[in-house]
Amino acid sequence: MAKKFIVANWKMNPNSVKEAEALFIGVCKSAPKMKNTEVVVCPPFVYLDRLSGIIHNAMPIGRQAKYKNQINLGSQDVFWENRGSYTGEISPLMLKDFGVKYVIVGHSERRKYLMANNEIINKKIKTALKNNLKVFFCVGEEERDEKGKYLKFLKEEIIEGFKKIPKDNLKNLFIVYEPIWAISSNKGAAADTPRNFLETSIYIRKILFFRFGRKVAHKVPILYGGSVDGKNARGFLEEGRADGILAGRAGLKVKSFVDILKSLK
Ligand code: PGA
């Protein structure tokens, strides 16, 4: 069975390092041991140092060795240059120094509020991959119209995001399909169905096939995100054949995140 990836995107939460540590330690302590599954927690940048200390020093928790390889850290964004005069930005090199292995790029909230467009996202993906970071590249439409215009929109996001990225650089790339209307912070949001996800992921693989050929189309993991919880997660992985899930709200409480993990055992 192919490896599954369960990602928590904390977004701009929680408000203090104390709460961040408590949440992270809680997850580390209660996460069930799962074969062939990688759990990735993506906190705000300012907590990465402390959380990576928890992973590497094991001080506040006794059972470190047991889950050392099980929980990884990711960041919610990254800059497209390795160094230089870019006030307020965080480079891939800095992230790697903190033990960060994964980065989220292209989240719809950054597209909406922080002017991340396809060109910027493409530059970030390129630099992150060059630095051997694993990239969760987020795509997703704002609304799903019956005429299928959203498919064209998705195609453009994917083609532009991959522009000038050589095929050989793609081994660390993941696509996260997150329809914006399904993200829990949006009014009236509800999760997509596993069936729809499956159809959309086949469509995404077709795009990859035409752009990069069969091997890449087959290999790139495609995750689902949008109102995932302990009740619906399994459906996406089984019926929807997702390679993993990305959870926002459910990642902010130890219980709700661990419920997702437990539901997949
Ligand atoms: P949600 O968020 O799980 O709260 O819907 C997902 C995301 O935006 O990454």
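Residues numbered from 1 in each chain as written. Predicted model: local features only at pLDDT ≥ 70, side-chain atom pairs only at ≥ 80, totals over all residues. Heavy atoms only, no water.

Named according to an unreviewed UniProt entry, the protein is Triosephosphate isomerase. If you open the UniProt record of the protein and go to Sequence similarities (unreviewed entry), you find "Belongs to the triosephosphate isomerase family." In its Catalytic activity (unreviewed entry) section, the UniProt record describing the protein reads: "D-glyceraldehyde 3-phosphate = dihydroxyacetone phosphate". (UniProt positions renumbered as here; feature names shortened; annotations may be inferred.)

Chemist: Help me get a handle on the site of the ligand, residues and values and all.
Modeler: By nearness alone, 13 residues border the ligand, and K11, S184, S227, G248 and R249 come closest of all. The separation between an oxygen atom of the ligand and a polar side-chain atom of N9 is 3.5 Å. Within the side chain of H107, one N or O atom sits 2.8 Å away from an oxygen atom of the ligand. For the ligand, the protein covers 99% of the area, taking 280 Å² as the surface of the free molecule. For the shell around the ligand, the residue count by class is four nonpolar, six polar and three charged. (Near = heavy atom within 4 Å. Polar contact = N/O pair within 3.5 Å; in protein donor to acceptor, adjacent residues only side chain to side chain. Areas by Shrake-Rupley, 256 points an atom, 1.4 Å probe, with all protein chains shown as cover. Nonpolar A, V, L, I, M, F, W, Y, C, P; charged D, E, K, R; others polar.)

Chemist: Pulling in residues and values, what's your account of the side chain of S75?
Modeler: With respect to the helices and strands, S75 occurs in strand β3 (residues 71-75). One polar contact links the side chain of S75 to the main-chain carbonyl oxygen of D77, over a distance of 2.7 Å. With sequence-adjacent residues up to four places away left out, S75 is seen in contact with C42, F45, L48, L95, V100, Y102, V103 and I104. (Helix = DSSP H or I, 4+ residues; strand = E, 2+ residues; numbered from the N terminus. Contact = heavy atoms within 4.5 Å.)

Chemist: Can you break down the nonpolar core residue by residue, with the values?
Modeler: Membership of the largest hydrophobic core comes to 66 residues, with the highest contact counts inside it found for F24 and I175. Residue contributions to this core peak at six residues, all from helix α1 (residues 17-30). With near-sequence residues (within four places) excluded, I175 lies in contact with F137, V139, F162, I204, L208, V220, P221, I222 and L223. Within the second largest apolar cluster, 12 residues are counted, among which are F5, F136, F174 and V176. (Core = buried A, V, L, I, M, F, W, Y, C linked by side-chain atoms within 4.5 Å. Buried < 20%, exposed > 50% of the residue type's maximum accessible area, 1.4 Å probe, protein only.)

Chemist: Could you give an account of the sheet that holds strand β5 (residues 134-139), with specific residues and numbers?
Modeler: Judged by pairing direction, the barrel is parallel, and its eight strands sit side by side in the order β1-β2-β3-β4-β5-β6-β7-β8 before closing back on the first. Adjacent strand axes in the sheet meet at a mean angle of 25 degrees when their direction is disregarded. Summarising the sheet, β3 and strand β4 (residues 102-105) pair through two bridges and their orientation is parallel. Within the sheet, the bridge partner assigned to G74 lies in β4 and is Y102. The sheet contacts of helix α8 (residues 194-212) involve β6 (173-177) and β7 (222-225), and relative to β7 the element is tilted by about 140 degrees. (Pairing = 2+ DSSP bridges. Axes fitted to C-alpha atoms, helices over the stretch in contact; angles between N-to-C directions.)

Chemist: I'd like a description of the pairing of β7, backed by residues and values.
Modeler: Of the two faces of β7, the one lined by I222 and Y224 and the one lined by L223 and G225 are each fully buried. Relative to β7, β6 runs parallel, the two being bridged by three bridges. Following the sheet pairing, V176 is matched in β7 by L223. The sheet contact formed by β7 and strand β8 (residues 244-247) spans two bridges and is parallel. Within the sheet, the bridge partner assigned to Y224 lies in β8 and is I245.

Chemist: Residue-level account of the environment of S201, with values.
Modeler: As for its placement among the helices and strands, S201 is situated in helix α8. Taking relative accessible area as the criterion, S201 reaches 6% and is therefore assigned buried. Spatially, the C-alpha atoms of S201 and I121 are 20 Å apart, while their sequence positions differ by 80 residues. A polar atom in the side chain of S201 sits 2.9 Å from the backbone oxygen of L198.

Chemist: Pulling in residues and values, what's your account of the pattern of salt bridges?
Modeler: Evaluation of the coordinates by the stated rule reveals 13 salt bridges. When the shortest N-O distance is used, the salt bridge between R144 and E141 registers 3.4 Å. On the basis of relative accessible area, E141 is assigned to the buried category, the value being 1%. One network of salt bridges, in which partners are shared, links D77, R110 and K124. (Salt bridge = Lys/Arg side-chain N within 4 Å of Asp/Glu carboxyl O.)

Chemist: Outline the pairing of β4, supporting the account with residue identities and numerical values.
Modeler: Residues in a regular strand point their side chains to alternate faces of the sheet. Judged by which residues are buried, β4 turns out to be covered on both faces: Y102 and I104 on one side and V103 and V105 on the other are all buried. Tracing the backbone out of β3, into helix α4 (residues 92-97) and back to the parallel element β4 gives a crossover that is right-handed. When β4 meets β5, the two strands line up parallel, connected through four bridges. In the sheet register, V103 faces β5, and the bridge partner there is V135. (Right-handed = clockwise from strand over helix to strand, strands pointing away.)

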